[in-house]
Amino acid sequence: MLILNKTAGVFFKPSRRKIYAFLGSFHFHPGKLFLHKLVLGIETSCDDTAAAVVDEAGNVLGEAIHSQTEVHLKTGGIIPPVAQQLHRENIQRVQEALSASEVSPSELSAIATTIKPGLALSLGVGLSFSLQLVDQFKKPFIPIHHMEAHALTIRLTNKVEFPFLVLLISGGHCLLALVRGVSDFLLLGKSLDIAPGDMLDKVARRLSLIKHPECSTMSGGKAIEHLAKQGNRLHFDFQPPMQRAKNCDFSFSGLQHVIDKMIMQKEKEEGIEQGQVLSSAADIAAAAQHTVACHIAKRTHRALLFCKQRGFLRQSNTVLVVSGGVASNLYIRKALEIVTSATQCTLLCPPPRLCTDNGVMIA
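Residues numbered from 1 in each chain as written. Predicted model: local features only at pLDDT ≥ 70, side-chain atom pairs only at ≥ 80, totals over all residues. Heavy atoms only, no water.

Chemist: Looking at this structure, I do not really get the pairing of strand β3 (residues 60–67). What am I missing?
Modeler: Note on strand geometry: in a regular strand, side chains alternate between the two faces of the sheet. Relative to β3, strand β2 (residues 48–55) runs antiparallel, the two sharing 7 bridges. When the bridges of β3 are listed, valine 54 appears paired with valine 60. A loop of 4 residues connects β2 with β3, the two strands running antiparallel in sequence, and glycine 58 in this loop sits at a positive phi of about 90°. (Pairing = 2+ DSSP bridges. Helix = DSSP H or I, 4+ residues; strand = E, 2+ residues; numbered from the N terminus.)

Chemist: What am I meant to see in the packing of aromatic side chains here?
Modeler: Aromatic ring pairs: the centre-centre distance and the angle between the two ring planes describe each pair. Inspection of every chain in the model, using the stated rule, returns 4 aromatic pairs. Look at phenylalanine 236 and phenylalanine 238: their rings are 6.1 Å apart centre to centre, the planes differ by 10°, and that puts the pair in the stacked class. Taking the centre distance of 6.3 Å and the plane angle of 10° together, the rings of phenylalanine 250 and phenylalanine 252 count as stacked. On the basis of relative accessibility, which here comes to 0%, the residue phenylalanine 252 falls in the buried class. (Phe/Tyr/Trp six-rings, centres within 6.5 Å; stacked < 30°, edge-to-face > 60°. Buried < 20%, exposed > 50% of the residue type's maximum accessible area, 1.4 Å probe, protein only.)

Chemist: Would you explain the packing of helix α9 (residues 196–206) against helix α11 (residues 253–270) in this entry?
Modeler: How two helices sit against one another is set out by the angle between their axes and by the gap between those axes. At a minimum axis separation of 10 Å, α9 and α11 run at an interaxial angle of 10°. In terms of orientation, α9 and α11 fall into the roughly parallel class. Residue-level contacts link Met199, Lys202, Val203 and Arg206 of α9 to Leu255, Gln256, Ile259, Asp260, Ile263, Met264 and Glu267 of α11. For the contact of α9 with α11, the residue count by class is 6 nonpolar, 1 polar and 4 charged. (Axes fitted to C-alpha atoms, helices over the stretch in contact; angles between N-to-C directions. Parallel < 35°, antiparallel > 145°, perpendicular 65-115°, else oblique. Contact = heavy atoms within 4.5 Å. Nonpolar A, V, L, I, M, F, W, Y, C, P; charged D, E, K, R; others polar.)

Chemist: Help me out: how do you make sense of the packing of helix α4 (residues 80–90) against helix α6 (residues 120–137) in this one?
Modeler: It is at 8 Å that the axes of α4 and α6 come closest, and there the two elements cross at 15°. One finds that α4 runs roughly parallel with respect to α6. Between α4 and α6 the crossing geometry is right-handed. Facing Pro80, Pro81, Ala83, Gln84, His87 and Arg88 of α4, the residues of α6 in contact are Leu121, Ser122 and Val125. (Left-handed = near helix turned anticlockwise from the far one by under 90°.)

Chemist: Could you clarify how one ought to interpret unusual backbone geometry in this entry?
Modeler: The phi angle of most residues is negative, glycine excepted, and most peptide bonds adopt the trans form. In this chain, lysine 116 is followed by proline 117 through a cis amide linkage whose omega measures -20°. Relative to the assigned elements, proline 117 resides in the loop between β4 (110–116) and α6. The peptide bond linking phenylalanine 162 to proline 163 adopts the cis configuration, its omega dihedral lying at -5°. Turning to its location among the elements, proline 163 is positioned in the loop between α8 (154–157) and β6 (164–169). In this structure, glutamine 344 takes a positive phi of about 50° despite not being glycine. Looking at where glutamine 344 falls in the secondary structure, it is placed in the loop between α13 (330–342) and β10 (345–348).

Chemist: Teacher, can you tell me more about the sheet that holds strand β5 (residues 141–145) here?
Modeler: Within a beta sheet, neighbouring strands are joined by backbone hydrogen bonds and run either parallel or antiparallel to one another. With respect to topology, 5 strands assemble into an open sheet ordered β3-β2-β1-β4-β5, the strand pairing being mixed. For this open sheet the edge positions go to β3 and β5, each flanked by a neighbour on one side alone. Recorded for the sheet is a direction-independent mean angle of 20° between the axes of neighbouring strands. Contacting β1 (38–43), β4 and β5, α6 runs over the sheet at an angle of about 155° to β4.

Structure follows, in structure tokens:
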């Protein structure tokens, strides 16, 4: 603990130039033999400070996570400098993961850390802390791509063979990719603007759902999903974006703008000011969620058909993996089940705790 505390005290000092020089000097050799491979994974790409120790068989030996959701709910969204400071205050979760695993830093085979994509200030906290550990204990360093980690997490819980299609949907990302191997990805489509989770969060804020008695402690996306169960999606007709676009990309900012205009119109009709909860909030939430689900399902259906026609995916035993925070939305997952049923495809999702950002997926 003393060693890690000393490390944490200086984790923010290396300059960006020194960090990149340090990264460039490291080489990880997967073929190197260890009696028992143990990897420490560290994740700080956005608003969760997470760490985990995992062995070569995929067993999670120790895990710890600190969520910033409650703080960011009060500020109306993630403020990067605030997220950075919270990561600095909670980077000691690494020690909790090590303690739970009963593994000492000297016993680790390597240290793996998210280096991209994500909030630069948040990423810097985890990266600087990791490099201090790597330097102190002379361990191999493995730089991890956050989205690739999400894509491969399913292989911890299910026997999924390559190739398979992955849909990653979260508050910061939205993409479709063909996973051909551990480090072999073909990007088929991505959001041209904002991510679906970000859009649902913004709609929830515009609806002032934090003031709704049932939703005051929920994140924006969770509040929309909860309230939508009480609403009628047919009361509002929001059209899915990009219906004529012959690709697998996504777009959500235009839809958000249309919904914002509708909310403004309903506020005038009900004679209330912005910041108060509309009587039609549940109907708007239901319609917004339904339109997002349709858009995601249609683009995913297109990607599945494309991959099968081109022979990129097997005609039988095809697998669609859906991960990321928005994958926990059961309404969106149901829309994707309709698509996979129609295309004779198996839909797989990691358990909810592994869908959101975590240290296990990095390790």
